[in-house]
Amino acid sequence: MNETAVALPRPTGGRILAWLQNYGVYAAIAALVVVNIAITPHFLTVENLRTQLVQVAPVVIVSLGMALVIGTEGVDLSVGSVMALATALLPLYLGYGAGPAILVALLGGVAVGLVNGSLVAFVNVQPIVATLCLFVGGRGLALVLAGGRLKDVHDVTLLNLGSSSVAGVPLPVVVAGALTLVVTGVVRRTTFGRQLVAIGGNRTASVLSGLPVRRVLLLVYVLSGVLAAVAGVLATARLQASDPSSLGLLMELSAITAVVVGGTPLTGGRVRVLGTVAGALLIQLVRATLIKHNLPDSVAQMVQAVIILAAVYAARGGSGR
Amino acid sequence: AKSEKDQPTGGGGAQAGQVVQSPSGSAPSCTLSKFGGTKFDPKTAVVGFSQSEKEANPFRIAETQSIKAEAKQEGIAGLRVTNGQSQFSKQISDVQQLIAQGAKALVIAPLNSDGWEPVLQQATAKHIPIITVDRKINATACKDYVTFIGSDFYQQGKRAADQMIKALNGKGKVAILLGSSGNNVTTERTNGFKEEIAKQAPGIQITFEQTGDFAREKGQQVTEQMIQSHPDVGAIYAENDEMALGAVTALKGAGKKAGDVKIVSVDGTRNAVTQIVSGWIYAVVESNPRFGPLAFQTLTKFVNGEPIPDKVIISDREYDSSNAEQSVASAY
Amino acid sequence: MLDARDIVKRFTGVLALDRVSLSLRPGEVHALVGENGAGKSTLIKVITGVYRPDDGEVRLAGRPARFTGPLDAGRAGVQAVHQEIGLVPDLSVARNLLLGREPRRAFGLLDARRMHETAARTLAAYGVRVDVRLPLRSLGVGAQQMVALARAVSVDARVVIMDEPTSSLEPREVDTLFGVIDRLRDQGIAVVYVSHRLDELYRICDGVTVLRDGRVVHQGTLADLNRIHLVSLMLGRDVAQVRAEGVTRFSGAHEASAGPPVLEAYGLSSRHLLDGVSLTVRPREVVGLGGLLGAGRTETAKAIAGVLPLDAGRVTVAGLRVRRGSATAAVRAGIALLPEDRKAEGIVPTLSVRDNIALAALPRLARGGLVSDARIDRIVDTFMKRLRIKATGPHQPVAELSGGNQQKVLLARWMATEPKVLLLDEPTRGIDVGAKAEVQALVDELAEAGLAVLLISSDLEELVEGSDRVVVLKNGAVVGELIGDELTEEGVMTTIAAEVQ
Amino acid sequence: MTTEQAATDAPVTHDTYALGRRDRVFGLIQRHGATAVLVLLLAVGSLSFSRFPTTENLGDIAITSSFPAMVALGMTFVIITGGIDLSVGSVFALGGVLAAYAVRWGTAAGLLVPLAVCGAIGLVQGLLIARVRLAPFIVTLAGLLGARGLLLSISHEGATTYLIPHGSLLARLGQGRLFGLGQPVYLTLALFVIGAVLLQRTGFGQAVYAIGGAEDAAALMGVRVARTKIIVYVLSGTLAGLSGALNAARLSSGVTILGTGMELDVIAAVVIGGTLLTGGAGSVSGTIAGVLLLGVIQNLINQIGDLSSSYQQVVSGAFLAVVVVVQTYLSRARRL
Ligand SMILES: Nc1ncnc2c1ncn2[C@@H]1O[C@H](COP(=O)(O)OP(=O)(O)OP(=O)(O)O)[C@@H](O)[C@H]1O
Ligand SMILES: Nc1ncnc2c1ncn2[C@@H]1O[C@H](COP(=O)(O)OP(=O)(O)OP(=O)(O)O)[C@@H](O)[C@H]1O
Ligand SMILES: [Mg+2]
Ligand SMILES: [Mg+2]
């Protein structure tokens, strides 16, 4: 924030608050876990842990891409549709085996990313609107490809992606973990990572400093697309069916929430990868708790609203969008 | 593109069209003159069909296909189809647009039973006969609209309950996978089920009910959570087949055997019926989407001045281990 | 009139103000001076209620005044022109000028016509003649500064505070401003005047308060304090030492090489902004760009740096043509632009000092796209030392630095890229005497080292002292060039004033 | 006197005037680009479909668009301050259910209850955004969930749909027609006129623009930032509620499944209308054009006849893309 922004009255607090602002999410997770151990039967079991991790894996993967996009002061609403597109493409090419099919699915993600990226980087369309186009059209396209109908998937290799596990850790979780490490590396270690936060922080300055602004933006949206596609593939493998009509519905909101709850401001210029993962976990835990305690939808939704606000309040970075 | 081996996808054809249950509503009473409409020839006139949701699930696909197919067969050239994309406001304006385009008759699959005021006003003003399929419209038959053709969701709930009672022979813990909140179908299938259970089998408790939004993935996720928190649940009532199939995937994932948890669901899609054969689903109550023939028969009768009932309830079949094998082919 | 008593303001890490007191008499023009980061802006923000002091109180006309914010302060008659121009770029000039006190019609609706008339009239008195319906953005920084001033003064104020108002003004605009200040003095209005330009202080200020590291080190009448002494107080070095070093100044030692020019610009044209500007800079040479506000100096610099879309013209560096309209290409070719507007075009507020310095040089500091923190730390460390950047450490958010130190960070950013050509747009704007001298010395040094430097400065003295050659612009075209002994402040002024043939 | 001299020697300003003309033209196009596209689309539609330009069809478009339009009006204010309101869809639905629920206590209640509750939701969101300084996106996202939850609990998990009795004043308010157009259309127009005056001709409007343009500067210039923001969100909530209530009156029932995804349509409409999501620029007239544009697109897609539902989505996505690109080219959002 700039000199005068800091000037605006900001809640300043002691160490605790400062600490909370950095580790709020983790604190919240811890709290929620403790509560659950206390009130939820059969919570502290390996199976349960598995379930939560497996279910959150796709969200985490999408959120990683979303975090990068948000870092550039953008947002990607099309992620849900990308998942649908990926899941729709898979069965079409499973005839050639799982590998090629997955490749095609990922290419679908790349394509969407390219469109979004070009709209944002070259045409200067505002990200929300640019990605809104494919948010609308993408799922439609997926349904066209799938002939509108859900298809069961029988390919063993693909199904294993969803069901098998490495050293007791389910494969989707492994993938999510690996991708988290990669993205962390990208943000921390690569020129690209540094440049993207700079662009988010001050685009004009970045241009004047000779950064390849357009290329970076394009790449960011492509990455987001690919990650969403990966999530789509995993979700399909887990569902053992390709269901483009409902797969990834409202994913964009979950992902954005995860990112922001994780302490990445929507104003861009900063990316917190681990925070994002934590954010996704937090939301997953909340949903799980509400379901396990069999709360009616009405209450569930209101409780979620409150918890999201509380978490963001704790993890509050800069102000703004 | 080269997809996997053929999928068991049905939908096409008119196999197992609908059978009218001995008209449970009032006797045939509604006539063109009573309705105040004028005679016209469906073959040449513009006839509008307003679908409520995307043709993205077996039910809607079969429904639309059957309407289109039948129209072709009857030689109704002027059929115009719109789709509300699950947005009620859109469906309303869709229908209004159909009227504006000069539709002489309307077949509507309502997304919601209430809120049809503006459409009904315009239609009655022009004496356009409306036939609603699969869901009712809350208004007076033969005045605001002509008649309703469809299943009785409350009954479906009841019959599912009966199957459930058989499955658990009268006692045990049951979980419900609800449809999406605020949806008439959800409400009626739930009420029918609960009331029947309460009446017939006090020994059965419903210990868990969460929405699965009629979607397979959501059904799977909710079931996974349930398996952890309510391990004692012995049966699942899914308010549509998709959620039931999601539940099946979840149970498999949790290492359960076929039949460990009894599943009863509503719809009768081919995938579900297949799962009965393989033993994962106990029974399925059909909700037949092939409205085409019945709808156009009724319409033709009506414009020819013959009386028609103000409510045509179709008799839905039931699939269970006894008949699943041979019925798979005819399921949609 | 206005009393600030024992003001204490703490920021996380720094004690920005430590028991600072300041009192003003009606009709007094009071100089507030100090190094960058001494606490001047902070004090002003405390007085105007932007910040709440951690301790101490502000009294207005004897009564305690606890302002809840600028609005509140303004109502009480305390107006401020802040260092970073506090205006809204996208609003029209008129609306910026009159925001909050627009002329009304029936039902409290705004009267657009009267608003524009008033605005035009007011600004004319400040020598700014623009279509007041334009967005403020379309004005140059100088003009914007004048608008901000006009805004602050045109309400009936009892105290007017100006934080570095002249940092981007031309001598003529400065005269205009001083005319205004005299008027204020006559009306018995107290003025607080912050500036790093000492000669200005001596022209109009009565009292003076010297801040260092958030503490008052001297308070009294300016007349009793000679220049050297003042500087020594600000820098906290003893007089002898300062006299030895000389207050500021370029050595002017370096000899422009006779070799071929490293930077050549031919016929740069851009609708409404530039027509056919051509200039060349040789290695080891400092070429100044003179001209009034809006003459197009910034535009020229931006055009060379490839960020201003051009209709015609080409730029070559060391004989090689630079792809037009690509900043990336320009940077690769070795062109570095220190932008005029530090806040909007310079710093990346969300990043640390370290990352801001490394930004432009990243590709050179990385192997295969992987950055090497070791190398970055080395570079950053070198430049933070060399430019004496005042920060709690390389990881402090750059936004927390004082204006002057932010400027140094930007210089460091470019030096890290080892450029061939350095374009400096107002490099010493808002920088204190100490830092200014350092920066100027630095410019010399860089020229020495063989760079070609293009210097834009509204500070004529600096321009003339610093440049080997000055190219004068007017309305986006070159109207003259001065070398050798024709290169004097008068010379430049007359060239500017002279009509275009 | 110095100022005189300064004035005479001030830079020749013909270039600034030129700049001015260019900038004003930009502004004009930026404000009316959507309108241009709209006119184009109407022309194309009329030429290609005989059933399109009928008064009945256009009347339908008008009445259908009037409800999202009211919501978009509030959204315009919010977005100009640089904020965003995702809750409008749920609030719209909630407003309808509340109206149908409260009408039992009379028409007044049927209107006031939804306005009050939805306004209150806006107030809470505004407070969280302006005072606690949480990100609007997240606050209103929570609002989206909260309002939907409230709606469900009022309607017993959506099981009960409250009805607005036939011929009741409220129902007539929503269903009545004037010169062949539904009454809500006129109300919407009236609201937009008021909105335009509010935005262009009042201090509040100035504050809204200033905050969106540069919040910190605005604060330094003495704009009541927090207060203005709060008002803006209250406005948005109230308008969404009103729109919902009137819609319920039109449907004569508080339909529970309305408004999902509405927020995005509305945002799209506002942005297509030339309002920058970055804040500081935008106009009410543009918004109305944007809403109508989306309405017409929908209508045309239906005119094309039997596109499959999936293709319909693809087409409207493509349409949106084209419109947005054209819009952006017309109004160069980002200057350097
Ligand atoms: N918002 C802030 N957070 C933390 N530290 C700050 C903040 N604002 C200013 N500072 C610190 O307070 C000190 C005083 O800053 P200030 O801007 O008042 O200096 P200044 O005298 O105005 O310098 P300059 O002449 O460059 O404007 C500096 O050390 C600066 O780093
Ligand atoms: N005092 C003024 N009166 C009218 N227009 C002005 C004034 N100052 C600037 N402008 C307008 O702003 C535009 C850009 O001015 P800008 O300040 O960038 O040019 P400049 O020569 O770089 O001035 P400086 O570098 O001294 O700020 C000019 O084209 C001019 O039209
Ligand atoms: Mg300062
Ligand atoms: Mg300039």
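What counts and what doesn't
- Residues numbered from 1 in each chain as written.
- Chains lettered and ligands numbered in written order.
- Predicted model: local features only at pLDDT ≥ 70, side-chain atom pairs only at ≥ 80, totals over all residues.
- Heavy atoms only, no water.
- Core = buried A, V, L, I, M, F, W, Y, C linked by side-chain atoms within 4.5 Å.
- Buried < 20%, exposed > 50% of the residue type's maximum accessible area, 1.4 Å probe, protein only.
- Contact = heavy atoms within 4.5 Å.
- Salt bridge = Lys/Arg side-chain N within 4 Å of Asp/Glu carboxyl O.
- Helix = DSSP H or I, 4+ residues; strand = E, 2+ residues; numbered from the N terminus.
- Polar contact = N/O pair within 3.5 Å; in protein donor to acceptor, adjacent residues only side chain to side chain.
- Pairing = 2+ DSSP bridges.
- Buried area = accessible area lost by both parts, 1.4 Å probe.
- Nonpolar A, V, L, I, M, F, W, Y, C, P; charged D, E, K, R; others polar.
- Lys, Arg positive; Asp, Glu negative; His and termini not counted.
- Near = heavy atom within 4 Å.
- Areas by Shrake-Rupley, 256 points an atom, 1.4 Å probe, with all protein chains shown as cover.
- pLDDT = per-residue confidence, 0-100.
- Donors = N, O, S within 2.8 Å, 3.2 Å for Na, K, Ca; no water.
- Tetrahedral: all angles 85-135°; square planar, octahedral: opposite > 155°, others 65-115°.

## Description of the nonpolar core
Ranked by size, the top nonpolar core spans 363 residues in total, and within it C:Tyr193, C:Leu230, C:Ile304 and D:Ile267 carry the most contacts. When residues no more than four places from it in sequence are discounted, the contact partners of C:Ile304 are C:Leu263, C:Ala265, C:Leu268, C:Leu279, C:Val315, C:Ala330, C:Ile335, C:Leu423 and C:Leu454. Among the nonpolar cores identified, the runner-up in size contains 33 residues, and B:Ala62, B:Val107, B:Ile308 and B:Tyr332 belong to it.

## Considering the pattern of salt bridges
All names here are of chain C. Applying the stated criterion across every chain yields a total of 47 salt bridges over all chains. In this structure, aspartate 182 and arginine 185 form a salt bridge, with 3.0 Å as the shortest nitrogen-oxygen distance. Of the two residues, aspartate 182 and arginine 185 are both situated in helix H6 (residues 171-186); the distance of 3 residues between them amounts to about one turn of the helix. For aspartate 182, a relative accessible area of 33% puts it in the partly exposed group. Of the residues examined, arginine 185 reaches a relative accessible area of 23% and is grouped as partly exposed. Lysine 385 is paired through a salt bridge with aspartate 381; the nearest N and O atoms lie 2.8 Å apart. Separated by 4 residues within a single helix, lysine 385 and aspartate 381 lie in helix H15 (residues 373-386), roughly one turn from each other. Taking the relative accessible area as the measure of exposure, aspartate 381 reaches 40% and is therefore partly exposed.

## Notes on the interface of chain B and chain A
Contact with chain B, which involves 35 residues of that partner, is made by 41 residues of chain A. There are 2 salt bridges connecting chain B and chain A. With a closest N to O distance of 2.9 Å, A:Arg238 and B:Glu224 form a salt bridge. The tally of links between chain B and chain A comes to 15 residue pairs in polar contact (both at pLDDT 80 or more). By residue number, the principal contributor to the side of chain B that touches chain A is helix H7 (residues 216-229) of chain B, which donates 9 residues.

## Digging into the sheet that holds strand S1 (residues 2-10) of chain C
All names here are of chain C. Ordered in space as S2-S1-S4-S5, the 4 strands form an open sheet in which the pairing is antiparallel. The sheet terminates laterally at strand S2 (15-24) and strand S5 (63-64), the two strands that pair on one side only. Pairing between S1 and S2: 6 bridges, direction antiparallel. Across the sheet, residue aspartate 3 finds its bridge partner in S2, namely serine 23.

## Considering the interface of chain D and chain A
Counting from both sides, the interface comprises 50 residues of chain D and, opposite them, 47 residues of chain A. Counting each side, the surface lost to burial between chain D and chain A is near 4,300 Å², with a carbon and sulfur contribution of 74%. When the buried surface of chain D facing chain A is broken down by residue, D:Arg133, D:Phe137 and D:Ile138 rank first, second and third, together holding 16% of it. Across the chain D-chain A interface, the total number found is 0 salt bridges. Linking chain D with chain A are 3 residue pairs in polar contact (both at pLDDT 80 or more), by the criterion used here. Secondary structure elements with two or more residues in the side of chain D that touches chain A: helix H6 (136-154), helix H10 (215-220), helix H12 (262-272) and helix H14 (309-330) of chain D. The element contributing the most residues to the side of chain D that touches chain A is H6(D), with 13 residues. Looking at the side of chain D that touches chain A residue by residue, the class counts come to 31 nonpolar, 12 polar and 7 charged.

## Looking at the side chain of B:Glu55
Tracing the backbone through its elements, the reader meets B:Glu55 in the loop between strand S1 (46-51) and helix H2 (58-74). One buried charge, B:Glu55, has no salt-bridge partner; the nearest side chain with opposite charge is B:Lys68, at 6.0 Å.

## Digging into the arrangement of the chains
Looking across the 5 pairs of chains in contact, one finds the most contacts between chains A and D. Kept free of each other, chain B and chain C leave a smallest C-alpha distance of 37 Å between them.

## Regarding the site of ligand 2
Around ligand 2 sit 23 residues, and of these C:Gly140, C:Gly296, C:Arg297, C:Thr298 and C:Glu340 come closest. More than one chain lines the surroundings of ligand 2; the residues nearby belong to chains C and D. Here C:Glu299 contributes a side-chain N or O atom positioned 3.3 Å from an oxygen atom of ligand 2. Protein contact buries 96% of the 610 Å² of open area that ligand 2 shows by itself.

## Brief notes about the site of ligand 1
Taken together, 23 residues lie near ligand 1, and C:Asn36, C:Gly37, C:Ser41, C:Thr42 and C:Glu400 sit nearest. Surrounding ligand 1 is a set of residues that belongs to chains A and C. Contact between ligand 1 and C:Asn36: an oxygen atom at 2.5 Å from a side-chain N or O atom of the residue. C:Lys40 places a side-chain nitrogen or oxygen 2.8 Å from an oxygen atom of ligand 1. Computed on the free molecule, ligand 1 has an accessible area of 630 Å², of which 96% lies beneath the protein chains in the complex. The set of elements that each furnish at least two residues to the shell around ligand 1 consists of helix H1 (3-7) of chain A together with helix H1 (40-47) and helix H16 (403-415) of chain C. Among the elements that take part in the shell around ligand 1, H1(C) stands out by supplying 3 residues, more than any other. Partitioning the shell around ligand 1 into residue classes produces 7 nonpolar, 10 polar and 6 charged.

## Quick notes on the confidence of the model for chain A
Residue and element names in this part refer to chain A. On average, residues of chain A score 87 in pLDDT, and 91% of them are at 70 or above. Contacts from residues 1-13, a stretch scored under 50 in pLDDT, to residues over four places away or in other chains number 33 contacts. Confidence drops under a pLDDT of 50 for residues 317-321, and excluding neighbours within four residues, the segment shows 20 contacts in the predicted structure.

## Focus on the coordination of the magnesium ion (ligand 4)
Residues and elements named next belong to chain C. Ligation of the magnesium ion (ligand 4) by protein atoms is provided by Thr298 (OG1), Glu340 (OE) and Glu340 (OE), these donors lying 1.7 to 2.6 Å from the ion. Coordination geometry of the magnesium ion (ligand 4): the 6 donor atoms subtend angles of 53 to 172 degrees at the metal centre, consistent with an arrangement described as irregular. Of this pair, threonine 298 sits in helix H10 (residues 297-304) while glutamate 340 sits in the loop between strand S16 (335-338) and helix H12 (342-346), and the two are 42 residues apart along the sequence. For the pair shown, threonine 298 and glutamate 340 are each scored as buried.

## Quick notes on helix H9 (residues 270-277) of chain B
Most of H9(B) is tucked away, with 6 of its 8 residues classed as buried. Within the sequence span of H9(B), burial applies to B:Arg270, B:Asn271, B:Ala272, B:Val273, B:Gln275 and B:Ile276. Where H9(B) is buried, its residues touch strand S1 (151-152) of chain A together with H7, helix H8 (241-253), strand S10 (283-286), strand S12 (318-320) and helix H11 (324-327) of chain B.

## Considering the pairing of strand S7 (residues 159-163) of chain C
All names here are of chain C. Where burial is concerned, most of S7 is hidden: 5 out of the 5 residues are buried. Burial along S7 is two-sided: the face carrying Val159, Ile161 and Asp163 and the face carrying Val160 and Met162 are both buried. Alignment of strand S6 (residues 78-81) against S7, held across 4 bridges, turns out to be parallel. Among the inter-strand pairings, valine 81 is bridged to a residue of S7, identified as methionine 162. Inspection of the sheet shows S7 paired to strand S8 (residues 190-194) by 5 bridges, in the parallel sense. Residue pairing across strands places methionine 162 opposite tyrosine 193, the latter belonging to S8.

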